[in-house]
Amino acid sequence: MIPALDRTRALLDTPPPATIPGQLDLEPHMTDPATIPALAVACPSCGSTPGQLCTSHGGSRTRRNDVHQTRTAAHHAQTRSTQ
Ligand SMILES: [Zn+2]
């Protein structure tokens, strides 16, 4: 067996490194609810149900990277009241 080939196989079998602290997250999973904790509650502004993204302009545009400030506030209020 060729050593270089063994090394390549070993590298391919190695899982990718864990996220580096402070590293910019460039992967397109900004809608992951884990990145927007406020998605756990309904939005008082646009009426989105828990787990759904906020919408703007009467629902014609999805807010992919953030939620309404009222929703964040509602989530904070709920988090505070349950702890
Ligand atoms: Zn909203």
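The preceding data block contains the structure.
Since the structure is predicted, the reported quantities are computational estimates derived from the model, not experimental observations. (Residues numbered from 1 in each chain as written. Predicted model: local features only at pLDDT ≥ 70, side-chain atom pairs only at ≥ 80, totals over all residues. Heavy atoms only, no water.)

K.L.:
Which residues make up the coordination of the zinc ion, and what are the values?
P.N.:
In the first shell of the zinc ion, the protein supplies Cys43 (SG), Cys46 (SG), Cys54 (SG) and His68 (ND1), at 1.9 to 2.4 Å from the metal. Seen from the zinc ion, its four donor atoms lie at angles of 107 to 114°, and the figure they make is tetrahedral. Donor residues for the zinc ion sit on one chain with the sequence pattern C-x2-C-x7-C-x13-H. Of the two residues, Cys54 is situated in the loop between helix 1 (3–13) and strand 1 (55–56) and His68 in the loop between strand 2 (61–62) and helix 2 (69–82); the sequence distance between them amounts to 14 residues. Look at Cys54 and you get buried, because its relative accessible area is 0%. (Donors = N, O, S within 2.8 Å, 3.2 Å for Na, K, Ca; no water. Tetrahedral: all angles 85-135°; square planar, octahedral: opposite > 155°, others 65-115°. Helix = DSSP H or I, 4+ residues; strand = E, 2+ residues; numbered from the N terminus. Buried < 20%, exposed > 50% of the residue type's maximum accessible area, 1.4 Å probe, protein only.)

K.L.:
Tell me about the side chain of His68, and name the residues and values.
P.N.:
The exposure class of His68 is buried, given its relative accessible area of 15%. Beyond its immediate stretch of four places on either side in the chain, His68 contacts Cys43, Ser45, Cys46, Cys54, Thr55, Ser56 and Arg63. (Contact = heavy atoms within 4.5 Å.)

K.L.:
Any chance you could break down the nonpolar core for me, citing the residues and the numbers?
P.N.:
Counting seven residues, the largest nonpolar core is built from Ile36, Ala38, Leu39, Cys43, Leu53, Cys54 and Val67. Apart from residues lying up to four places away in sequence, Cys43 is in contact with Ser48, Cys54, His68, Thr70 and Arg71. (Core = buried A, V, L, I, M, F, W, Y, C linked by side-chain atoms within 4.5 Å.)

K.L.:
Go over the pattern of salt bridges, please, and point to the residues and values.
P.N.:
One pass over the structure, following the stated rule, counts one salt bridge. Ionic pairing is found between Asp66 and Arg63, a salt bridge with its closest N-O pair at 3.3 Å. Residue Arg63 is classed as buried on the basis of its relative accessible area, which comes to 18%. (Salt bridge = Lys/Arg side-chain N within 4 Å of Asp/Glu carboxyl O.)

K.L.:
Give me the lowdown on the side chain of Ser48, citing residues and values where you can.
P.N.:
In this fold, Ser48 is placed in the loop between helix 1 and strand 1. Among all residues touching Ser48, those that are not within four sequence positions of it are Ala42, Cys43, Leu53, Cys54, Thr55 and Arg71.

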